[in-house]
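Structure assessment
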Amino acid sequence: EETMWLDAMKISGYIEPVPKGIGIMMGEINTFTEDMWDRIVSQLFAVSRETLITVGTEPEARLIQGWGETMGRTVDVTENPADPIYDLWVCQAKAE
């Protein structure tokens, strides 16, 4: 009774837009999971004006960058050498 299970692919149906959103250590984005992550990231962009997302690889970061640009976002991608595994790549997105 104290737990709520949310579908991240439908987040805009659960919350009103907020100024900032965050996705830390987003899961592995590969050909099998790419469509799911596209929907999750798109929902995060839909409910936040500024968004910070971290991923483990540069190809994952470039996918997020492309998804953001499709939604009218400016997405800066930088490498974060402080975490060589989960948060190696940082995507900072802003609504244009």
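The present account deals with the structure reproduced in this document. Note that the structure is predicted; figures quoted are calculated from it, not measured.

1. Digging into the sheet that holds strand β2 (residues 48-55)
The four strands are arranged β1-β2-β4-β3 in an open sheet whose pairing can be described as mixed. Edge positions in the sheet fall to β1 (18-23) and β3 (73-79), since each has one partner strand and no second. Sheet twist, expressed as the mean angle between neighbouring strand axes with direction ignored, is 15 degrees. By the bridge criterion, six bridges tie β2 to strand β4 (residues 89-95) in an arrangement that is antiparallel. Residue pairing for β4: L52 is matched across the bridge by Q92. Of the strands in this sheet, β1, β2, β3 and β4 are in contact with helix α1 (residues 34-47), which crosses β2 at around 145 degrees.

2. Focus on the pairing of β1
Judged from the five bridges that link them, β1 and β2 form a sheet pairing that is parallel. Pairing of V18 across the sheet is with S48, part of β2. For the segment spanning β1, α1 and β2, crossover handedness is right-handed.

3. Some remarks on the side chain of S48
Within the element layout of this structure, S48 appears in strand β2. Here T51 takes part through its side chain, which lies 2.7 Å from a polar atom of the side chain of S48. Apart from residues lying up to four places away in sequence, S48 is in contact with V18, P19, K20, G21 and R73.

4. As for the nonpolar core
Among the nonpolar cores identified, the biggest contains 18 residues, and M26, V41, I53, V55, I64 and C91 are the most heavily contacted of them. Secondary structure elements with two or more residues in this core: α1, β2, α2 (58-70), β3 and β4. For this core, the element with the most residues is α1, which contributes five residues. With residues near it in sequence (within four places) discarded, C91 still touches T51, L52, I53, A61, I64, V75, D76 and V77.

About the criteria used
Residues numbered from 1 in each chain as written. Predicted model: local features only at pLDDT ≥ 70, side-chain atom pairs only at ≥ 80, totals over all residues. Heavy atoms only, no water. Pairing = 2+ DSSP bridges. Helix = DSSP H or I, 4+ residues; strand = E, 2+ residues; numbered from the N terminus. Axes fitted to C-alpha atoms, helices over the stretch in contact; angles between N-to-C directions. Contact = heavy atoms within 4.5 Å. Right-handed = clockwise from strand over helix to strand, strands pointing away. Polar contact = N/O pair within 3.5 Å; in protein donor to acceptor, adjacent residues only side chain to side chain. Core = buried A, V, L, I, M, F, W, Y, C linked by side-chain atoms within 4.5 Å. Buried < 20%, exposed > 50% of the residue type's maximum accessible area, 1.4 Å probe, protein only.

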